[in-house]
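Residues per chain, in single letters:
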Amino acid sequence: SEKKEKSILLTNKELALVMTVLDELDKHEDSWPFLFPVNTKHFSTYKRIIKNPMDLSTIRSKLEGGIYKTKESFVDDVRTIFDNCETFNEDQSPVGKAGHILRLYFERRWAELTST
Ligand SMILES: Cn1cc(C(=O)NCCN2CCCC2)ccc1=O
């Protein structure tokens, strides 16, 4: 049924929507710290401090793998990127600043695309 079917995957419209936003985040000039998982060999405390690491390439893999059943679960992972960034980085550090800028960009864009 329509209801049941919705719980299995994102509708085509929702898939296009999240793909668009993900592509825009990937190409934003301030996305460089978030493109791939944080290098935990480089940042040895990261694993202990951050319980749910997340990055844009992981989100793309989950999307391609049909992991997201709702657009809200996609948004939760995007917001986890920015929350992790605030936990691990000073606000005025290069990474911290990039996180604040990209979060603002995302939330505005998401509202534009989903607000009726
Ligand atoms: C999200 N996040 C990222 C970093 C970071 O420095 N990423 C480096 C990214 N480099 C760019 C070209 C090669 C790798 C540090 C802390 C943190 O929370």
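Everything in this summary refers to the structure shown in the same document.

Calculation notes
Residues numbered from 1 in each chain as written. Predicted model: local features only at pLDDT ≥ 70, side-chain atom pairs only at ≥ 80, totals over all residues. Heavy atoms only, no water. Salt bridge = Lys/Arg side-chain N within 4 Å of Asp/Glu carboxyl O. Helix = DSSP H or I, 4+ residues; strand = E, 2+ residues; numbered from the N terminus. Buried < 20%, exposed > 50% of the residue type's maximum accessible area, 1.4 Å probe, protein only. Axes fitted to C-alpha atoms, helices over the stretch in contact; angles between N-to-C directions. Parallel < 35°, antiparallel > 145°, perpendicular 65-115°, else oblique. Left-handed = near helix turned anticlockwise from the far one by under 90°. Contact = heavy atoms within 4.5 Å. Nonpolar A, V, L, I, M, F, W, Y, C, P; charged D, E, K, R; others polar.

### Digging into the pattern of salt bridges
Okay, step 1: A full pass over the atoms with the stated rule returns 11 salt bridges.
Okay, step 2: Close ionic contact of Arg103 with Glu86 constitutes a salt bridge, the shortest N to O distance being 3.0 Å. Taken together, the residues span a long stretch of sequence, with Arg103 in helix H6 (residues 94–114) and Glu86 in helix H5 (residues 71–88) at a distance of 17 residues.
Okay, step 3: What makes Arg103 buried here is its relative accessible area of 19%.
Okay, step 4: Judged by relative accessible area, which is 40%, Glu86 ranks as partly exposed.

### Observations concerning the packing of helix H2 (residues 12–27) against H5
Okay, step 1: Running from N to C, H2 and H5 point in directions that differ by 15°, and their axes come no closer than 10 Å. The pairing of H2 with H5 is recorded here as roughly parallel in orientation. Crossing geometry of H2 relative to H5 is assigned as right-handed. For the pair H2 and H5, the contacting residues are Glu14, Leu17, Val18, Val21, Leu22 and Leu25 in the first and Lys71, Phe74 and Val78 in the second.
Okay, step 2: Across the contact of H2 with H5, the residue classes tally to 7 nonpolar, no polar and 2 charged.

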